[in-house]
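# Examination of the molecular architecture
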Amino acid sequence: MKKVIGKVLLVLLVVLLAGVLGFGIFYASRIQTIRSIEKLSDYGDSYNLYRMNVTYNYDLDHLIEYGVSDNQDMLDSILKEAMPLLPIHMTAPNFGCSAFSVEDTSGDILMGRNYDFKQDTSAMLVYCSPKDGYKSVAFAALKNLSANQPDQSAKAAVATLAAPFVCLDGMNEKGVSIAVLTLDSTPTNQDTGKQKIFTTLAIRLVLDRAATTQEAVDLLRSYDMFATSGRDYHFYITDASGDGRVVEYDCHDSARPLVDTKIRTITNFYGLYIDQVQPNQRNGIYGHGKERYDRIEQVLNENANAITPHTAWQALQAAAQNPKPMDVTSNTQWSLVYNNTDKTAQFVLRRNWNDIVTYDLNTNSIL
């Protein structure tokens, strides 16, 4: 890693020499962020778990002001905010998944989450502590940054500076957790005259600025939404009180208004139209994955009044998926349980169920 950091410093030095002193100060905190990268696993397939502490100051409002009308706008806005003037490439993310929230016997609120995507990826545990927002921990798929091995490549290490803006799920210090899941409907592209945000920026906004599920819903409703990567999505959000809702953009209305629905479990179908969805098949615009919903619900119902964190892991294992090359929402890349009450998280990579890593947001430490 030291050699990689040395190369990173050399790349940044060349850029800095072409700029002014103020630009050097600007990049100092980005260098510190890169230096914080730590490898947490060592799997033979080279797809591993990493962590980083984001110490540079980003400006979400500034990022939103760039304006988004297509995927390239989305990518350009992230690069301008995270690493201006650096020659970095990234791709628009895709995501599948299952999510649920439940209260355990000790009264803690847990959110379980499987992230499913057909192509393997390394994962980055991203810690943010914005000066005008809440502390949070979140997961980014490093394949989306062309950075699966940030400890082996200077270019990949620099690319991880964009990680805060491409996270796929997370939890903040107020106990709000959020995850994005793909749908089969036409991609949302609202146009009501509000400022427009994109899919993963919605996650960063909620983590930085929402203290409850209701605040998260109100926040998302205050913007127009652009669904990236040519797919449609919905968000599952829950908080420390156990208020679990799926946030969707109604596929039956051409204006695609935001609708929030209270629900315990969700996969890749509209919770709003759950009565239109059958398991083990595609259901047109309404989505798919009802069989995974049923498996999770079965585990939770069988353990009613006796739910523990172990129960949450049983539910995640029941809904996990092996690779299917023709199915974009197969191949579980990571599984996690956020504890919205004590602000801890447990996670595993690619169904390695015996390799659970435990993280504490209160101290930003691996336990």
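With that settled, consider the confidence of the model for the protein chain. Detailed reading of the predicted coordinates is not advisable wherever pLDDT is low. Confidence along the protein chain averages 90 in pLDDT terms, with 90% of residues attaining 70 or more. In the model, residues 13-21 has pLDDT below 50 throughout and makes 5 contacts with residues more than four positions away in sequence or in other chains.

This part is about the layout of surface pockets. Here the largest pocket is characterised by a volume of approximately 320 Å³. Looking at the largest pocket, it is lined by 16 residues, and the ones nearest its centre are Tyr-58, Asp-59, Pro-130, Lys-131 and Asp-132.

Moving on: the pairing of strand 17 (residues 332-339). Summarising burial for strand 17: 8 of the 8 residues are buried, a large majority. Note: strand 4 (residues 109-116) against strand 17, 7 bridges, orientation antiparallel. The residue bridging Leu-110 from the neighbouring strand is Asn-339, located in strand 17. Across 6 bridges, the pairing between strand 17 and strand 18 (residues 344-349) is antiparallel. What sits directly across from Trp-334, in strand 18, is Leu-349.

Positionally, Ser-122 belongs in the loop between strand 4 and strand 5 (123-128). What makes Ser-122 buried here is its relative accessible area of 0%. A polar atom in the side chain of Ser-122 sits 2.9 Å from the backbone nitrogen of Asn-48. Polar contacts involving the side chain of Ser-122 include one to the main-chain carbonyl oxygen of Asn-148, which spans 2.8 Å. Setting aside residues up to four positions removed in sequence, Ser-122 forms contacts with Ser-46, Tyr-47, Asn-48, Tyr-50, Ala-140, Ala-141, Leu-142, Lys-143 and Asn-148.

Conventions and cut-offs
Residues numbered from 1 in each chain as written. Predicted model: local features only at pLDDT ≥ 70, side-chain atom pairs only at ≥ 80, totals over all residues. Heavy atoms only, no water. pLDDT = per-residue confidence, 0-100. Contact = heavy atoms within 4.5 Å. 1 Å grid on protein atoms, 1.4 Å probe; cavity = no way out; pocket = protein on both sides within 12 Å on 5 of 7 lines; lining within 4 Å. Points joined across faces, edges and corners; volume = space filled by probe spheres on them. Buried < 20%, exposed > 50% of the residue type's maximum accessible area, 1.4 Å probe, protein only. Helix = DSSP H or I, 4+ residues; strand = E, 2+ residues; numbered from the N terminus. Pairing = 2+ DSSP bridges. Polar contact = N/O pair within 3.5 Å; in protein donor to acceptor, adjacent residues only side chain to side chain.

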